[in-house]
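What follows is each chain in one-letter form.
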Amino acid sequence: MICTKNLSKHFKNETAIDYHDMTFEDGKSYMLLGASGCGKSTLLNMIAGILSVDSGSIEIDGVDMSLKTQKERDKFRIQKIGYIFQDFKLIPEMTVIDNINILRLEGVDTSGVDEILAKLEILDKKNKKVKHLSGGEKQRVAIARAIVKKPDIILADEPTGNLNFAIGEEVIKQLVEISKGKTLIAVTHDERLSSYFDYVIDMNEMTGGRRDV
Ligand SMILES: Nc1ncnc2c1ncn2[C@@H]1O[C@H](COP(=O)(O)OP(=O)(O)OP(=O)(O)O)[C@@H](O)[C@H]1O
Ligand SMILES: [Mg+2]
């Protein structure tokens, strides 16, 4: 379970975001909606331990992440969190399989990869360079890479942001299906996709608002 309490983030001399308390239960899927700039990506980055928490706390399974060192948070993320970035963060010159096997350098066991690529219907693209794939295919590679380590938590930042609705819907269906049993938190602007998730959280209501400091 992930619980935030009195969470806020201050960017130096610029913006402060105050979040209402949130709870994400194990094995459930959550869709985060909200206006641009309300703090969705910042929240995912704090849960993933990429950004530090300035005040308040994020507890994951009862452990306050803000008390961990950056090194401990990095280790936790590598082992437990699959993060699907909006811009994929794939290496275009490398093949699909090499983009995934690169995780072995971090000690990740990628042995289940073929099954995952098959589920995402991109097994036939395994040896293609990522630069030769379509947007939807790249998105699926990013999902495969996040899921191969069998994370407890999957964070997805606008996984359909660059896709047309039909392809985006297909990707979301597959993401939700492949994330069954894990905690999935996905940011999306598209309310039409809400039926695929257990819960929808409107971040406009969950942040006390952004204030300029
Ligand atoms: N590194 C940073 N330095 C300063 N301000 C930042 C930084 N990152 C984010 N912000 C500010 O914090 C606020 C929230 O940003 P965030 O990226 O979390 O929004 P978002 O909800 O993900 O928006 P979008 O839907 O456009 O992706 C914005 O006002 C943004 O300008
Ligand atoms: Mg964002």
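Just so you know, these numbers come straight off a predicted model, no measurement behind them.

1. Quick notes on the overall build of the protein
Point 1. Looking only at helices and strands, one finds seven helices and eleven strands in the protein.
Point 2. Compactness check: the protein gives a C-alpha radius of gyration of 17 Å against a globular reference of 17 Å for 213 residues, within 12% of the reference.
Point 3. Structurally, the protein occupies a C-alpha span of about 50 × 35 × 35 Å along its principal axes.
Point 4. Counting all 213 residues of the protein, 49% fall into the buried class.
Point 5. Contacts in the protein between residues at least 24 apart in sequence constitute 74% of all its contacts with a sequence separation of at least 6.

2. Things to note about the environment of Tyr 30
Point 1. The topology assignment puts Tyr 30 in strand S4 (residues 29-33).
Point 2. Counting along the chain gives 169 residues from Tyr 30 to Tyr 199, while the straight-line C-alpha distance between them is 4.8 Å.
Point 3. Apart from residues no more than four positions distant in its own chain, Tyr 30 is found in contact with Thr 23, Phe 24, Glu 25, Leu 184, Ile 185, Ala 186, Phe 197, Tyr 199 and Ile 201.
Point 4. Looking at Tyr 30, its side chain comes within polar contact range of the main-chain nitrogen of Glu 25, at 2.8 Å.

3. So, the sheet that holds S4
Point 1. Strand order in the open sheet formed by five strands is S7-S8-S9-S4-S10, and the pairing between neighbours is parallel. This sheet does not close on itself; its edge strands, each paired only once, are strand S7 (81-84) and strand S10 (199-202). Going across the sheet, the axis of each strand differs from the next one's by a mean of 15 degrees, ignoring polarity.
Point 2. With four bridges connecting them, S4 and S10 associate as parallel partners. From the neighbouring strand, Leu 32 faces S10, where its bridge partner is Ile 201.
Point 3. Here helix H1 (residues 40-47) sits on the sheet and contacts S4, S7, strand S8 (153-157) and strand S9 (183-187); the angle it forms with S8, its principal contact strand, is near 150 degrees.

4. Brief notes about the site of ligand 1
Point 1. For ligand 1, the set of nearby residues contains 15 residues, the closest of which are Ser 36, Gly 37, Lys 40, Ser 41 and Thr 42.
Point 2. In the environment of ligand 1, an oxygen atom lies 3.3 Å from a nitrogen or oxygen atom belonging to the backbone of Cys 38.
Point 3. Contact between ligand 1 and Thr 42: an oxygen atom at 2.5 Å from a side-chain N or O atom of the residue.
Point 4. When ligand 1 is considered free in solution it has 640 Å² of accessible area, and contact with the protein chains removes 66% of it.

5. So, the packing of aromatic side chains
Point 1. Applying the stated rule across the entire model yields three aromatic pairs.
Point 2. Ring centres of Tyr 30 and Tyr 199 lie 5.1 Å apart, and the angle between their planes is 20 degrees; this geometry places the pair in the stacked category. Here Tyr 199 lies in strand S10 and Tyr 30 lies in strand S4, a separation of 169 residues in the sequence.
Point 3. On the basis of relative accessible area, Tyr 199 is assigned to the partly exposed category, the value being 37%.

6. Points about the side chain of Thr 110
Point 1. Its location among the elements puts Thr 110 in the loop between helix H3 (96-101) and helix H4 (113-119).
Point 2. Reaching out from Thr 110, the side chain makes a polar contact with the side chain of Arg 104 at a distance of 3.0 Å.
Point 3. Apart from residues no more than four positions distant in its own chain, Thr 110 is found in contact with Ile 100, Asn 101, Leu 103, Arg 104 and Val 148.

7. Describing the pairing of strand S2 (residues 15-19)
Point 1. In terms of burial, S2 is a largely internal element, four of the five residues being buried.
Point 2. When strand S1 (residues 2-10) meets S2, the two strands line up antiparallel, connected through three bridges. Pairing of His 10 across the sheet is with Ala 16, part of S2.
Point 3. The turn joining S1 and S2, which pair antiparallel and follow one another in sequence, is formed by four residues; a positive phi near 55 degrees is taken by Asn 13.

8. Concerning helix H2 (residues 70-80)
Point 1. Every buried residue belonging to H2 is among Arg 73, Phe 76 and Arg 77, and all of these are buried. The buried residues of H2 occupy an angular sector of 100 degrees when the element is viewed end-on, so they sit on one face. Opposite the buried face of H2, at more than 90 degrees from it, the exposed residues are Lys 71 and Lys 75.
Point 2. For H2, the secondary structure elements touched by its buried residues are strand S5 (55-60) and S7.

Reading the values: rules and limits
- Residues numbered from 1 in each chain as written.
- Chains lettered and ligands numbered in written order.
- Predicted model: local features only at pLDDT ≥ 70, side-chain atom pairs only at ≥ 80, totals over all residues.
- Heavy atoms only, no water.
- Helix = DSSP H or I, 4+ residues; strand = E, 2+ residues; numbered from the N terminus.
- Rg over C-alpha atoms; globule rule 2.2 N^0.38 Å.
- Buried < 20%, exposed > 50% of the residue type's maximum accessible area, 1.4 Å probe, protein only.
- Contact = heavy atoms within 4.5 Å.
- Polar contact = N/O pair within 3.5 Å; in protein donor to acceptor, adjacent residues only side chain to side chain.
- Pairing = 2+ DSSP bridges.
- Axes fitted to C-alpha atoms, helices over the stretch in contact; angles between N-to-C directions.
- Near = heavy atom within 4 Å.
- Areas by Shrake-Rupley, 256 points an atom, 1.4 Å probe, with all protein chains shown as cover.
- Phe/Tyr/Trp six-rings, centres within 6.5 Å; stacked < 30°, edge-to-face > 60°.
- Arc of directions from axis to C-beta.

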